[in-house]
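Here is how the chains run, residue by residue.
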Amino acid sequence: MSESKAHFEVYEDDAGQWRWRLVHRNGNILADSGEGYASKQKAKQGLESVKENAPGAPVQE
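Note that the structure is a prediction, hence the values are computed from the model and not measured.

Conventions and cut-offs
Residues numbered from 1 in each chain as written. Predicted model: local features only at pLDDT ≥ 70, side-chain atom pairs only at ≥ 80, totals over all residues. Heavy atoms only, no water. pLDDT = per-residue confidence, 0-100. Helix = DSSP H or I, 4+ residues; strand = E, 2+ residues; numbered from the N terminus. Expected span 1.5 Å × (residues − 1). Buried < 20%, exposed > 50% of the residue type's maximum accessible area, 1.4 Å probe, protein only. Arc of directions from axis to C-beta. Contact = heavy atoms within 4.5 Å. Phe/Tyr/Trp six-rings, centres within 6.5 Å; stacked < 30°, edge-to-face > 60°. Lys NZ or Arg CZ within 6 Å of the ring centre and 35° of its normal.

A.B. asks: Help me understand the confidence of the model for the chain, please; the structure alone is not making it clear to me.
C.D. replies: A low pLDDT means the predicted coordinates there should not be read in detail. On average, the chain scores 93 in pLDDT, and the residues at 70 or more come to 97%. Taking the mean pLDDT of every element in the chain, the minimum, 95, falls on helix α1 (residues 40–53) and the maximum, 97, on strand β2 (residues 18–24).

Written out as structure tokens, the structure reads:
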């Protein structure tokens, strides 16, 4: 298995909301939650949902 080129971060924003983002090892943000969550646990559930539901998702044009 190859080493991942990105990692997820869970953080609290300036408004006190929890968010997640996917960060490439070069520092670029590849994706983010797009919304704030009331708790760190809910933010983690949101990112786990993305990880679970998106592998191999097709691109629609």
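A.B. asks: Just checking my understanding: could you explain α1 for this structure?
C.D. replies: Because the α-helix completes a turn every 3.6 residues, residues three or four places apart line up on one side. For α1, built from 14 residues, the straight-helix expectation of 20 Å at 1.5 Å per residue is met to within 8% by its first-to-last C-alpha distance of 20 Å. Listing the buried residues of α1 in full gives A43, G46 and L47. What you see down the axis of α1 is that its buried residues fit within an arc of 90°, all on one side. For α1, the exposed residues set more than 90 degrees away from the buried face come down to Q41, E52 and N53. Structurally, α1 contributes buried residues whose contacts are with β1 (6–12) and β2.

A.B. asks: Got a minute to help me understand the packing of aromatic side chains in this structure?
C.D. replies: To describe a pair of aromatic rings, you give the distance between the ring centres and the angle between the ring planes. Within the structure shown, the criterion is met by one aromatic pair. Considering the side-chain rings of F8 and W20, the 5.7 Å spacing of their centres and the 65° angle between planes classify their relative orientation as edge-to-face. Taken as a pair, F8 in strand β1 and W20 in strand β2 lie far apart in primary sequence, twelve residues in all. On the accessibility criterion, F8 (31% relative accessible area) is partly exposed. Stacked on the ring of Y11, the Lys or Arg R21 has its end atom at 3.9 Å from the ring centre.

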